[in-house]
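# Structural features, examined
Residues per chain are reported as follows:
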Amino acid sequence: MTRALAFLIAAVALLAVSHAQAESFDTREIMGSGPYFGAGGSSPIPRTTVYFNSHYAPGTIVVNTAERRLYLVLPNGQALRYGIGVGRDGFRWSGVHKISAKKEWPGWTPPSQMLARRPDLPRHMAGGIDNPLGARAIYLGSTLYRIHGSNEPETIGQAVSSGCFRMTNDDVTDLYNRVSVGATVVVKN
């Protein structure tokens, strides 16, 4: 009798999990595609300290979209190099902006341009693990763009976004803790 009851409870739990997963919103269709890993995993491109001879002040972020790398300039000719996902064809851009805001587990409201392309998108998603902005977002001036986390580590090093720069949740949290509002962000295309 105990074995039958345990089997029944396990079957009900499995059905409940399957039903919950079926009703959750899959963000792969919004920000790129690929397997869904949930928590963000580790980057396929490890964060590393590199030689970086530049005229930029320490604390400056330099995004090189062609390399699909983001550099945080450090003192003494060095930088932290991170792998990033960049805008797909037609969505890449360049320029210089300042970090205007930083948010932990940000909510996401798709911009009107994205809603015009994808009217099926939700009008707003609360922050959390299933949110396409991931664990942290670093806002770039008054643009629609940001450096943000991603729950899809397999997209790092790829051109899949609508113009934002995505990082693993681990990497964006590391960067978030190292930069300040007002820091310069240079985007090279």
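Let us look at the structure shown here. Bear in mind the structure is a predicted one, so any value in this text is a computation, not a measurement.

### Section: the nonpolar core
- Within the largest apolar cluster, 22 residues are counted, with the highest numbers of intra-cluster contacts made by Ile61, Val63, Leu70, Ile147, Phe165, Met167 and Leu175.
- Broken down by secondary-structure element, the contributors of at least two residues to this core are strand E2 (61–64), strand E3 (69–74), strand E4 (78–83), strand E7 (136–140), strand E10 (165–168), helix H4 (169–178) and strand E11 (184–188).
- For this core, the leading source of residues is H4, giving 3 residues.
- In contact with Ile147, not counting residues within four places along its chain, are Ile61, Leu70, Arg136, Ala137, Ile138, Leu140, Phe165, Met167, Val172 and Leu175.

### What to know about the pattern of salt bridges
- A full pass over the atoms with the stated rule returns 6 salt bridges.
- Residue Arg47 pairs with Asp171 through a salt bridge whose shortest N-O separation is 2.7 Å. Note that Arg47 is positioned in the loop between helix H2 (28–31) and strand E1 (48–51) and Asp171 in helix H4, a separation of 124 residues in sequence.
- Residue classification places Arg47 among the partly exposed positions, given a relative accessible area of 37%.

### Brief notes about the packing of aromatic side chains
- Tallied over the full model, the rule gives 3 aromatic pairs.
- With a centroid separation of 4.7 Å and an interplanar angle of 20°, the aromatic rings of Phe52 and Tyr71 are classed as stacked. Residue Phe52 is found in the loop between E1 and E2, and its partner Tyr71 is found in strand E3; the two are separated by 19 residues along the sequence.
- The exposure class of Phe52 is buried, given its relative accessible area of 16%.
- Ring centres of Trp93 and Tyr145 lie 4.8 Å apart, and the angle between their planes is 15°; on these two criteria the pair is classed as stacked. You can see Trp93 sitting in the loop between strand E5 (86–87) and strand E6 (95–104) and its partner Tyr145 sitting in the loop between E7 and strand E8 (146–150), a full 52 residues away along the chain.
- Residue classification places Trp93 among the buried residues on the basis of a relative accessible area of 11%.
- An aromatic cluster is present here, built from Trp93, Tyr145 and Phe165 joined pairwise through their rings.
- A cation over a ring is seen here: Arg88 above Phe91, with NZ or CZ 4.6 Å from the ring centre.
- Sitting over the face of the ring of Tyr176, Arg136 holds its NZ or CZ atom 5.5 Å from the ring centroid.

### What about the environment of Gln158?
- In this structure, Gln158 sits in the loop between E8 and strand E9 (159–161).
- We classify Gln158 as partly exposed; its relative accessible area is 39%.
- In this structure, Gln158 is in contact with Arg68, Ile84, Gly85 and Val86, ignoring residues within four places of it in sequence.

### Focus on the sheet that holds E1
- In space, the 9 strands of this open sheet follow the order E1-E4-E3-E2-E11-E6-E7-E8-E10, with mixed pairing throughout. Pairing within the sheet leaves two strands with one partner each, and these edge strands are E1 and E10. Each strand of the sheet is rotated relative to its neighbour by a mean of 30°, with strand direction disregarded.
- Pairing geometry for E7 and E8, over 3 bridges, is antiparallel. Paired with Tyr139 across the strands is Arg146, a residue of E8.
- Lying over the sheet, H4 contacts E2, E3, E4, E6, E7, E8 and E10, oriented at roughly 105° with respect to E10.

Scoring rules and cut-offs
- Residues numbered from 1 in each chain as written.
- Predicted model: local features only at pLDDT ≥ 70, side-chain atom pairs only at ≥ 80, totals over all residues.
- Heavy atoms only, no water.
- Core = buried A, V, L, I, M, F, W, Y, C linked by side-chain atoms within 4.5 Å.
- Buried < 20%, exposed > 50% of the residue type's maximum accessible area, 1.4 Å probe, protein only.
- Helix = DSSP H or I, 4+ residues; strand = E, 2+ residues; numbered from the N terminus.
- Contact = heavy atoms within 4.5 Å.
- Salt bridge = Lys/Arg side-chain N within 4 Å of Asp/Glu carboxyl O.
- Phe/Tyr/Trp six-rings, centres within 6.5 Å; stacked < 30°, edge-to-face > 60°.
- Lys NZ or Arg CZ within 6 Å of the ring centre and 35° of its normal.
- Pairing = 2+ DSSP bridges.
- Axes fitted to C-alpha atoms, helices over the stretch in contact; angles between N-to-C directions.

Taken by themselves, the reported measurements are silent on function.
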